[in-house]
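# Observations on the model geometry
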Amino acid sequence: MEAAAIPTTAAIPAWRANLATIGALMARSKNELVRVPGAAIPGVLAPTIFFLGLNGVFGALTQLQGFETGTYESFIVPVSMLQGAGFTGAAAGVNLARDIEAGWLDRLLVSPAPRWVLLAGTVLAASARALIPASFVLAIALALGAGFPGVDGLVVCYLMVASMAAVAACWGSFLALRFKSQSAAPLMQAGMMALILTTTAYAPLALLQGWLQDIARVNPVTEVVEAARQGFVGEVTWAETWPGILALAALLAVLGALALREMRRTAV
Amino acid sequence: MSSFATNAHIVRALGMRSIRQTFRRPQLIAPIIIFPTLLLAIQTGGAGGAVNLPGFPPVQSFLQFMLAGAMMQSMMLAGNSGGIALAVDIEMGFTDRLFSAPIPRFAIVLGRLAGTAALGLFGAIWFFAIGLIFGAEIEGGVPGALLATALVNASALAVGAIGAAIALRTGSASVVQGLFPLVLVVLFLSSAFFPQELMIEPAKTIAAYNPLSFIAEGVREPMISGIDATHTLEAVAAILAIVLLGLTMSARALRHRLRVG
C-alpha cells in the first residue's frame, strides 16, 4: 500500500527563526510601553531630574579653572543621556526578574529558541528603549541652551547611549538570573549609577578629587562619557571616539558572557 | 496598664516591625543608605573643587558641607520608603487586620512614623560615622551633632507623615514609589547640596523659599560653624510646618480609608 503523501513545509533557516524571536521579544517590550501607562515615565523622569538638578546645583562649577566648556548644560547632558541608558538597562533586568517570578521565562526556556536569542531580545529591546529618555533629555538640554553637537556628535552620542543600555541590560539580566527576584533591583540600579558617575561625569579629570580621579582613570565608562560628550564641548575626533567603542565592546563581552552563562545555567 | 502605656506599646511594636521590614527588604534600605552614600561619595569627589569658588562658605572640606545634604536625602527617602511599606501593608490586607483590632487608629499611623523617624536617626548616625571616618570635623562638637541628629530625626517623621498620607489615600505602593523622582526634585531645588547663593536660576530663587533649605541649613550649620540660634529656629519652624501638613493630610486620608475600606 502506498503511503499517503504528507505535506511538508520548507524548514525555516535557524538564523531567520532566531531573528524572528528577537523581533518578537523586542515587540513585547514595545507593547509594554504602549499598553502599560507610565511604564516609560520613570526611565525618562529620573535622568531629566538629574540633568535639571545637577545643572541648577552645580552649574557654577564652570567658573573653576580647567573646565572645557562655558555651559554646564553642554557638559552634563551626555552624562544624563547615559544615565537614562543605565536606568533603562537596569529596568530590563527588573522586568526579566518579574518574568522569572511570574513563570514567563520558564515558558521561553522550554521553547526551541537558543538561550542567547532570549538574552539578545532583552538586551536589544533595552538599547532601543534607551533612545526615548536620551532624546527627551537632549530636547530639554537644547531648549535650555546646551550646544548642538553636530550630526557626527549626535550619532556618536546615540551610539554610546544605545550600547551603554545594552551593557546595563546585560548587567541587570545577569543579576536577575542569578537572584531570580525583583529584590535585586537596587543592586542593578546602584551598579550602573556607580559605573557611570565614577567617571568625569561631574567635572574634567583634572578637577576631580584624588580618589575619584584614580577610579575615573581605570573606569572604562570614562572613555564612553568622553566619547559621548566630545560633540557637545568641541570637535568630534576618531581619537576620542575609538576608546569609547573599545570600552563598550569590552564591557559587553564581559557582562554579556556573564549573563549568558547564567541564562544557560537556568533550568526550568 | 493605662491607655497611654498601651498605646505607647502598640506604637513601639509597630515601629519595630517597620524597622525590621526595612532592613529585610533591600529595595527599602537601598534608597535610605546605599544611594545617598553613593551620591555623597561621587558628588564629594566630583564637585569637591567647588569650595574654591568665590562666595562658597568657609568649610573644612566639601565632605563636611555635603554631609547635611546626604542626611536630608536619606531622611526624605526614608519617608518615601515608609509610605511604600504602608501601601504594601494596605495592598496585602495587613492594615485591614489592624483596623479591625481593638487599637486606636492613630496608633497605626504613629507606629509607622516612629519607624520612619528611627530610620532617619539611623541615617544621621550613618552619615556622621562616614564623615568622621573620612576626616570631616563637626565644628559644633557633640551638642552640634546631637542637634543635627534631632533635626534629621524630626524631619524624617514630618516627611514620613506626608508619605503615610499618600499611602493611606491611594493604597497603592506603585503610586507612592512614583513619588521618588519628586523627592529628588524637591531636594535638588533646595540648598541641601550647594550654597543657595551659588545656584543657577531658577533653582536659586526656588531654593530661597523651599522649606527643605531651612532644614538643610539648620542641620549643616552645627557641622560647618557651630550652633546658630537663627538657623536652628528656622529649621524647627520648617519642620513644624511640614509635620502639621503631614498630620493633617494623614488624618484626612485615614478617615477616607476607613470610609471606603
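Worth saying up front: this structure is predicted, and the values here are computed from it rather than measured. Here the residue numbers are simple positions, counted from 1 along each chain's written sequence. Each chain is given a letter, starting from A, and each ligand a number, starting from 1, according to the order in which they appear as written. Owing to the predicted nature of the model, reporting of local features is limited to residues with pLDDT of at least 70; listing and counting of side-chain atom pairs is limited to 80 or more, with chain, interface and lining totals taken over all residues.

Turning to the overall build of chain A, a few remarks are in order. If you tally the helices and strands in chain A, you get 11 helices and zero strands. Along the first, second and third principal axes, the C-alpha set of chain A runs to 95 × 35 × 35 Å. Once C-beta atoms are placed from the backbone, any two residues with those atoms within 7 Å are in contact. The contacts of chain A with a sequence gap of at least 6 include a subset with a gap of at least 24, amounting to 82%. Comment: elements are numbered from the N terminus, with helices defined as DSSP H or I runs of at least four residues and strands as E runs of at least two.

Turning to the overall build of chain B, a few remarks are in order. From N to C terminus, chain B includes 11 helices and zero strands. If you list the helices and strands of chain B from N to C, you get α-α-α-α-α-α-α-α-α-α-α. Taken over C-alpha atoms, the radius of gyration comes to 19 Å for chain B, in line with the 18 Å a tight globule of 261 residues would show. Overall size of chain B, expressed as C-alpha extent along the three principal axes, is 60 × 40 × 35 Å. We compute the radius of gyration over the C-alpha atoms and compare it with the globule rule, which gives 2.2 Å times the number of residues raised to the power 0.38.

Turning to the interface of chain A and chain B, a few remarks are in order. Contact residues are listed per partner, giving 30 residues for chain A and 27 residues for chain B. Elements that contribute at least two residues to the side of chain A that touches chain B include exactly helix 2 (41–58), helix 8 (185–197) and helix 9 (210–218) of chain A. Ranked by residue count, the leading element in the side of chain A that touches chain B is helix 2 of chain A, at nine residues. Across the side of chain A that touches chain B, the residue classes tally to 22 nonpolar, eight polar and no charged. Residue classes follow a fixed rule: Ala, Val, Leu, Ile, Met, Phe, Trp, Tyr, Cys and Pro count as nonpolar, while Asp, Glu, Lys and Arg count as charged, and any other residue, Gly among them, counts as polar.

The subject of this paragraph is unusual backbone geometry. Along the chain, E201 of chain B connects to P202 of chain B via a cis peptide bond; the corresponding omega equals 5°. Take P202 of chain B: it is sitting in the loop between helix 8 (180–188) and helix 9 (203–209). The phi dihedral of K180 of chain A falls on the positive side, at around 55°, and the residue is not glycine. By secondary structure assignment, the location of K180 of chain A is in the loop between helix 7 (150–179) and helix 8. Buried means a residue has 20 or more other C-beta atoms within 10 Å of its own C-beta, exposed means 12 or fewer, and partly exposed covers the counts in between; C-beta atoms are placed from the backbone. C-beta crowding within 10 Å serves as the criterion here: with 16 such atoms nearby, K180 of chain A is assigned to the partly exposed category.

What follows covers helix 11 (residues 229–260) of chain B. Residue and element names in this part refer to chain B. With 32 residues, helix 11 should reach 46 Å at 1.5 Å per residue; the first-to-last C-alpha distance of 46 Å fits that figure. The set of residues buried in helix 11 consists of H231, A235, A238, I239, I242, G246, L247 and S250. Lining the buried residues of helix 11 we find helix 5 (105–133), helix 6 (141–170) and helix 10 (211–224). Given the number of residues in a helix, its expected span is that number minus one, multiplied by 1.5 Å.

Residues and elements named next belong to chain B. As for its position among the elements, G144 is in helix 6. Residues G144 and L157, 13 residues apart in the sequence, show an inter-C-alpha distance of 20 Å. Ignoring anything within four residues of it in the chain, the contact list for G144 reads I138, E139, P222, M223, G226 and I227.

What follows is about the nonpolar core. One nonpolar core equals one set of buried Ala, Val, Leu, Ile, Met, Phe, Trp, Tyr and Cys residues connected by C-beta atoms within 7 Å. Counting 171 residues, the largest nonpolar core has L82 and V161 of chain A together with M72 of chain B as the members making the most contacts within it. Not counting residues up to four positions away in its chain, the partners in contact with V161 of chain A are M81, L82, A85, A130, L131, A134 and A228 of chain A.

What follows concerns the confidence of the model for chain B. Residue and element names in this part refer to chain B. Chain-level statistics for chain B give a pLDDT mean of 85 and a share of 97% at 70 or above. Mean pLDDT across the elements of chain B ranges from a minimum in helix 7 (residues 173–177), with 73, to a maximum in helix 10, with 92. Predicted complex, confidence summary: ipTM 0.72, pTM 0.81. Every residue carries a pLDDT, the predictor's confidence in it, which falls somewhere between 0 and 100.

Okay, the packing of helix 5 of chain B against helix 6 of chain B next. When two helices pack together, their arrangement is given by the angle between the helix axes and the distance between those axes. Residue and element names in this part refer to chain B. Here, axes are lines fitted to C-alpha atoms. For helices the fit covers the stretch in contact, and angles between N-to-C directions go from 0 to 180 degrees. At their nearest, the axes of helix 5 and helix 6 sit 8 Å apart, and the two run at 140° to each other. In terms of orientation, helix 5 lies oblique with respect to helix 6. Seen along the crossing, helix 5 lies across helix 6 with a hand that is right-handed. The segment helix 5 lies against helix 6, with V109, R112, L113, T116, A117, L119, G120, L121, G123, A124, I125 and F128 engaging A145, A148, T149, V152, N153, S155, A156, L157, G160, A161 and A164. Its residues assigned to classes, the contact of helix 5 with helix 6 comprises 15 nonpolar, seven polar and one charged. Between 65 and 115 degrees an angle is taken as roughly perpendicular, under 35 as roughly parallel, over 145 as roughly antiparallel, and anywhere else as oblique. Take the far helix as the reference: if the near one is turned anticlockwise from it by less than a right angle, the crossing is left-handed, and if turned clockwise, right-handed.

Residue and element names in this part refer to chain A. The interhelical angle for the contact between helix 3 (residues 72–102) and helix 8, taken along N-to-C directions, is 155°, at an axis separation of 9 Å. When the axis of helix 3 is compared with that of helix 8, the two are roughly antiparallel. Both helix 3 and helix 8 take part in a crossing whose hand is right-handed. On the side of helix 3, the interface is formed by L82, Q83, G86, F87, G89, A90, G93 and V94, while helix 8 contributes A185, M188, Q189, M192, M193 and I196. Residue classes in the contact of helix 3 with helix 8 are distributed as nine nonpolar, five polar and no charged.

Let's shift gears to helix 3 of chain A. Residue and element names in this part refer to chain A. Its 31 residues place the ends of helix 3 44 Å apart at the C-alpha level, agreeing with the 45 Å of an ideal helix rising 1.5 Å per residue. Of all the 31 residues making up helix 3, 25 are buried; the element is thus mostly covered by neighbouring parts of the structure. Immediately downstream of helix 3, the backbone of G103 shows phi near 85°, a positive value.

The next point concerns the environment of M188 of chain A. Residues and elements named next belong to chain A. Position of M188 relative to the elements: it lies in helix 8. Residue class for M188 comes out buried when judged on the 29 C-beta atoms lying within 10 Å of it. Through-space distance from the C-alpha of M188 to that of A176 is 8.5 Å; in sequence the pair is 12 residues apart.

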